[in-house]
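Fold and geometry: a report
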Amino acid sequence: MLRRHPAVPDPTLRAGRLALLTTCAAHLGFQSMVTSVVYPTLFEGPTMGIAERQAEHARRIAPVALTLYASGLGAAAWAAYGSVRSHDRGGLTATVVACLTTVAVPALTAGVVPLHMGIAQEQVTRPRIRTLLASDRIRTGLAAIGVAAAAQSLSS
């Protein structure tokens, strides 16, 4: 009688999903900080001097955001590659959701760059600021969904 050994999980798949979870969690922390601390400090109160504050904010935050987005996209590609390469379909839906949210956040951010630039160029209006704050809350929500999905994919 032949005994079947339990299938060994594909290390590429597991490592990709772990990288995805790690970058999603780092991004959620970053996005939560921006939503709860940075933007309220930047946009609440008088609009006097907001253009200079916005320009300084953009200059300082860009390297951090670009690093997080690049690592998140890399982890999403790695997890997607592991999912395609592996014959194990467990956690595939969660991996796809985590990858999609990881791609959606930088895309949404790129969409609001003109709002940031307009504010930095003295085109400050309350509707622009409200739109920027709303998009920021959406990015935070997507980051939270990404963490949950990545955790689910890793536990499958």
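Residues numbered from 1 in each chain as written. Predicted model: local features only at pLDDT ≥ 70, side-chain atom pairs only at ≥ 80, totals over all residues. Heavy atoms only, no water.

On a plain count of helices and strands, the protein chain comes out with four helices and zero strands. What you see for the protein chain is a C-alpha radius of gyration of 19 Å, clearly larger than the 15 Å of a compact globule of 156 residues, by over 25%. Along the longest, intermediate and shortest principal axes, the C-alpha atoms of the protein chain span 80 × 20 × 20 Å. Relative to its full complement of 156 residues, the protein chain shows a buried share of 37%. Looking at the protein chain alone, contacts between residues at least 24 apart form 82% of all its contacts between residues at least 6 apart. About 8900 Å² of surface is accessible on the protein chain, with carbon and sulfur atoms providing 69% of the total. Averaging the positions of the 14 positive and the 7 negative side-chain charges in the protein chain gives two centres separated by 10 Å. (Helix = DSSP H or I, 4+ residues; strand = E, 2+ residues; numbered from the N terminus. Rg over C-alpha atoms; globule rule 2.2 N^0.38 Å. Buried < 20%, exposed > 50% of the residue type's maximum accessible area, 1.4 Å probe, protein only. Contact = heavy atoms within 4.5 Å. Areas by Shrake-Rupley, 256 points an atom, 1.4 Å probe, with all protein chains shown as cover. Lys, Arg positive; Asp, Glu negative; His and termini not counted. Charge placed at Lys NZ, Arg CZ, Asp CG, Glu CD.)

Right, let's get into the UniProt feature "transmembrane region" (unreviewed entry) in the protein chain. With numbering aligned to this structure, UniProt lists the feature "transmembrane region" (unreviewed entry) at residues 61-81 and 93-117. Here residues 61-81 is 100% helix and 0% strand, with 30 Å between the C-alpha atoms at its ends. From the first C-alpha to the last, residues 93-117 spans 37 Å; its make-up is 100% helix and 0% strand. (UniProt positions renumbered as here; feature names shortened; annotations may be inferred.)

A separate point is helix H3 (residues 92-120). An ideal rise of 1.5 Å per residue puts 42 Å on 29 residues; H3 measures up with 42 Å between its terminal C-alpha atoms. For H3, the principal kink sits at Val112 and spans about 35°; a proline, Pro114, occurs within the next four residues. One or two positions beyond H3, positive phi appears at Glu122, with a value near 70°. (Expected span 1.5 Å × (residues − 1). Bend = angle between axes of the 7 residues up to and from the residue.)

Below, the discussion takes up the side chain of Gln31. Here Gln31 shows up in helix H1 (residues 11-43). Owing to a relative accessible area of 2%, Gln31 belongs among the buried residues under this scheme. When sequence neighbours within four positions are dropped, the list of residues in contact with Gln31 reads Tyr69, Asp136, Arg139 and Thr140.

Now for the environment of His87. With respect to the secondary-structure elements, His87 resides in the loop between helix H2 (50-85) and H3. Assessed through its relative accessible area of 78%, His87 is described here as exposed.

Side chains carrying opposite charge are able to pair once their charged atoms draw close together. Tallied over the full model, the rule gives three salt bridges. Residue Arg59 is joined to Glu56 by a salt bridge in which the shortest nitrogen-to-oxygen separation is 2.5 Å. Highlighted residues: Arg59 and Glu56, both in helix H2, separated by three residues, approximately one helical turn. Judged by relative accessible area, which is 29%, Glu56 ranks as partly exposed. Arg139 is the partner of Asp136 in a salt bridge, and the nearest nitrogen-oxygen pair spans 3.3 Å. In this pair, Asp136 and Arg139 are both assigned in helix H4 (residues 126-155), three residues apart and thus about one turn of the helix distant. A cluster of three or more residues bridged by salt bridges with shared partners is formed by Glu56, Arg59 and Arg60. (Salt bridge = Lys/Arg side-chain N within 4 Å of Asp/Glu carboxyl O.)

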